Amino acid sequence: MSFLEKLGFKKKEERLKEGLEKSRTGLLSKLGKAVIGKDTVDEEVLDELEEVLITSDVGVSTTLKIIRRIEERVKKDKYLNTSELQRILREEIIALLRENDTDKPAEFEAATPAKPHVIMVVGVNGVGKTTTIGKLAWHYKQAGKNVLLGAADTFRAAAVNQLTIWSERAGVPIIQQGQNADPAAVAYDTVAAAKSRGADVVLIDTAGRLHNKKGLMDELSKIKRVMSKIVPEAPHEVLLVLDASTGQNAMQQAKAFTEAVDITGLALTKLDGTAKGGIVIGISSELNVPVKYIGVGEQAADLQVFDRVGFVNALFDKS
Amino acid sequence: MFDDLSSKLQSTFKTLSGQSKITELNIAEAVREIRRALLDADVNYEVAREFTKKVKDQALEQDVLTSVSPGQLFTKIVYDELTQVLGGKQEEIRFATTPPTVILIAGLQGSGKTTFTGKLAKYLKSKGRNPLLAAADVYRPAAVEQLKTLAEQIKVPVYSIEEKDAVRTAREALQFARSNAHDVLIIDTAGRLHVDEKMMAEVSEIKKAVQPNEILFVVDSMTGQDAVNTAREFDKTIDFDGVVLTKLDGDTRGGAALSIRNVVEKPIKFISMGEKLDSLTPFFPDRMAQRILGMGDVISLVEKAQQEFDEKEAKQLQQRITSDKFDLEDFHKQINQIKKMGSLKDLAGMIPGVSQKLKDTEIDDNALDPIEAIINSMTPDERRNPHILNASRKRRIASGSGTSVRAVNDLLKQFSQMKKMMKTMTKMSKMGRAMQGLKNLTGRP
């Protein structure tokens, strides 16, 4: 029995499947309806497919891209049946989701590529940055890593308190200078402390900001810049947190944050609702960044390492 | 993406201009592009399809004015309809006849409930109310502190208890508000997913315990296709009264607004921009429509169509006045144009000097309704030739419009005065122009 099961946690796959239950049944019943009594893929099936993808927030242009590729394969292979369609659809979506970099492992047990390994967490307001950091801290700690948190969201009311509570839950230390402190100074001090204490992983929380506010985005670039004064490569990872219920605006968010701080990975939160987070497919392929984590519940253990095949299978599999 | 939409629309317009009616064929491309614009704006798939279909059916067989192409006209019809659907009736918060007024705030995690609660408290305080906040988000770490910090900035008290019991917090806060002369209680609840049965049961319990006068559903304007499911479930559980759209200071196109409006038919009562607790922004349906259709490009086309529209109508009208053909039908059109411009109070408020005096007087936005009813009760022949209206016709019109013969007479009198005045005015402006011409000729005043 695994550690999690002993604690009463369900296995990873079960949680993910449970979280995606609603979206999966929706998808399947819709695709099912479209293909009843048909052995080949025709216009109507492709129309249904379009609806399925767009209602999953995949977006018009990515949807058209997927459909065009399927149409091409239909043309080539002539008689494509609907079970083949499902297989091809899965393949096409997996292909669009970028593979994770081997030099920046998402797994908590893996050896960190640097010491300290600095992870900066960014995103717009209300996507779940602080909660994600709390969960990441818990996982790294469980995996036996020395973790240090940096409370650089000094703007939102009580954000520092929120992160402090998470640091207590996870049993990891935190560097904080209270609300309204200079966030760049907090980030700098956290990395400095991590270096002198020999921490393995540093997690830097930042204030939520809308990506079209230039001043705030410049501030973010500065927070990133000062960390490299202590550890030249830091931050090694810049994680953009996206809310699964966000629609097409997530693409603009990803572009703007990439421009300001060059994001290296995505974390998709709140996947336990009915939202499908389909926009990550387009973002991952267009900006060439991997999805690293997904959040499927409120508990610390509900943050999971993203698995492309598992994600797409969970969307399409019957069992 | 939008350069694309714009150029596609432009080219469709070019090839199709000169046709006199909107047909399936000559707007097919425009319909497709509009639908795509809606989907790109996160309007729900089903809603976008229904909406474009409805508007298309409405547009088919409409006559096209000379200088407007079918595609342009269609775009304008879409824009008008969108504005209409988004607007509906503008509604304020409903206050209780016996205070305290209880306002319940609910929504998903991270939608901006707590920030909005702070803004609403500040807004109500500025209107002379004495609000109390209840911190019923007992789950998220430091949520209570967040509300307290915000409340401190605006000097509004917060009621909270040690125990993690949201229903009790709400109930006790109501008691506290009653015994401490707070006339408004705003209850901030925890963010919850609409599929979380336990949490949805809790918010329903809170509702039962405090019987709110107003329940506001807070939704992130960046929400995608799922907005429909969320709004529907929340509405099923707590039957909310209004919607608050947050984070509109971002660059999202906010199609969720249309989706929600379509699914639950509840008014959008506030929009929230930015993290500062400044006053809340009223909701403008036309701006939202522009935003959803994709700002600039589509809108400039619409505006162009609109201009040509109005110019043509204005010219026609002038001609009718000068040739003494201005009749009740034109009068009716004028009334409709005024109505299109918005509420009478807002219109009056735009006239310099007037707004101050009008601030405290109530202008009835329905003042034009009986006039319209009277005109609508006339036959086309009567509208074109008001002089044929005898006593029996007037009696029929009065009973048909639910007014009195006197009201009909008043309207006719007003109409003939207006007609006289218009005629004089056009004569004067013509004379003015002649004088101007003379001046130009002599080069001297």
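Residues numbered from 1 in each chain as written. Chains lettered and ligands numbered in written order. Predicted model: local features only at pLDDT ≥ 70, side-chain atom pairs only at ≥ 80, totals over all residues. Heavy atoms only, no water.

### Focus on the packing of helix α10 (residues 249-261) of chain A against helix α11 (residues 279-287) of chain A
Residues and elements named next belong to chain A.
- Their axes nearest at 9 Å, the elements α10 and α11 cross at an angle of 35°. Crossing hand, α10 versus α11: right-handed. Along its contact with α10, which presents Ala250, Met251, Ala254, Lys255 and Thr258, the element α11 presents Ile279, Gly282, Ile283, Glu286 and Leu287.
- A breakdown of the residues in the contact of α10 with α11 according to their chemical character gives six nonpolar, two polar and two charged. (Axes fitted to C-alpha atoms, helices over the stretch in contact; angles between N-to-C directions. Helix = DSSP H or I, 4+ residues; strand = E, 2+ residues; numbered from the N terminus. Left-handed = near helix turned anticlockwise from the far one by under 90°. Contact = heavy atoms within 4.5 Å. Nonpolar A, V, L, I, M, F, W, Y, C, P; charged D, E, K, R; others polar.)

### Quick look at the interface of chain A and chain B
- Chain A puts 42 residues into the contact, and the matching count from chain B is 34 residues.
- In this structure, A:Glu51 engages B:Arg49 in a salt bridge whose closest nitrogen and oxygen atoms are separated by 3.8 Å.
- The tally of links between chain A and chain B comes to 15 residue pairs in polar contact (both at pLDDT 80 or more).
- Breaking the side of chain A that touches chain B down by element, the ones donating at least two residues are α3 (43-55), α4 (60-77), α7 (159-170) and α10 of chain A.
- When the residues that make up the side of chain A that touches chain B are grouped by side-chain class, the tally is 11 nonpolar, 19 polar and 12 charged. (Salt bridge = Lys/Arg side-chain N within 4 Å of Asp/Glu carboxyl O. Polar contact = N/O pair within 3.5 Å; in protein donor to acceptor, adjacent residues only side chain to side chain.)

### Examining the sheet that holds strand β1 (residues 101-107) of chain B
All names here are of chain B.
- The sheet built from seven strands is open, its strands ordered β3-β2-β4-β1-β5-β6-β7 with parallel pairing. This sheet does not close on itself; its edge strands, each paired only once, are β3 (158-159) and β7 (268-272).
- As defined by bridge partners, strand β5 (residues 214-220) adjoins strand β6 (residues 242-246) across five bridges and the pair is classed as parallel. Looking at β6, one finds that aspartate 220 is bridged to threonine 246.
- Sheet strands in contact with helix α5 (residues 113-126) are β1, β2 (131-136), β4 (184-189), β5, β6 and β7, and its direction is about 170° off that of β4. (Pairing = 2+ DSSP bridges.)

### Some details on the sheet that holds strand β4 (residues 201-206) of chain A
All names here are of chain A.
- Judged by pairing direction, the sheet is mixed, and its eight strands sit side by side in the order β3-β2-β4-β1-β5-β6-β7-β8 without closing on themselves. Each end of this open sheet is capped by a strand with a single partner; those strands are β3 (174-175) and β8 (303-305).
- For strand β2 (residues 147-152) and β3, the ladder comprises two bridges, and the chain directions are parallel. Bridge pairing in β3 links leucine 149 to isoleucine 174.

### Some remarks on the packing of helix α4 (residues 70-87) of chain B against helix α11 (residues 285-293) of chain B
Residues and elements named next belong to chain B.
- Between α4 and α11, the least distance of the axes is 8 Å, while the angle of their chain directions is 125°. For the element pair α4 / α11, the angle class is oblique. The interaxial crossing formed by α4 with α11 has right-handed handedness. Side by side, α4 and α11 meet where Val78, Tyr79, Leu82, Thr83, Leu86 and Gly87 of the first sit next to Pro285, Asp286, Met288, Ala289, Gln290, Ile292 and Leu293 of the second.
- Split into classes, the residues belonging to the contact of α4 with α11 amount to nine nonpolar, three polar and one charged. (Parallel < 35°, antiparallel > 145°, perpendicular 65-115°, else oblique.)

### Digging into the packing of aromatic side chains
- Applying the stated criterion across every chain yields a total of seven aromatic pairs over all chains.
- Cluster of aromatic residues (ring-pair linked, three or more members): A:Phe108, A:Tyr140 and A:Tyr293.
- The positively charged end of A:Arg169 is found above the aromatic ring belonging to A:Trp166, 4.7 Å away from the centroid.
- Its end group placed over the ring of B:Phe240, B:Lys266 keeps NZ or CZ at 5.2 Å from the ring centre. (Phe/Tyr/Trp six-rings, centres within 6.5 Å; stacked < 30°, edge-to-face > 60°. Lys NZ or Arg CZ within 6 Å of the ring centre and 35° of its normal.)

### Section: unusual backbone geometry
- Cis geometry marks the peptide bond from A:Lys115 to A:Pro116, where omega comes out at -5°.
- Topologically, A:Pro116 is positioned in the loop between α5 (82-96) and β1 (117-122).
- With an omega dihedral of -10°, the bond running from A:Ala234 to A:Pro235 counts as a cis peptide bond.
- If you trace the backbone, A:Pro235 turns up in the loop between α9 (214-227) and β5 (237-243).
- For A:Asp262, which is not glycine, the phi torsion reads 55° and is therefore positive.
- Mapping A:Asp262 onto the fold places it in the loop between α10 and β6 (265-269).
- Owing to a relative accessible area of 48%, A:Asp262 belongs among the partly exposed residues under this scheme.
- Backbone geometry places B:Ala181, a non-glycine residue, at a positive phi of 60°. (Buried < 20%, exposed > 50% of the residue type's maximum accessible area, 1.4 Å probe, protein only.)

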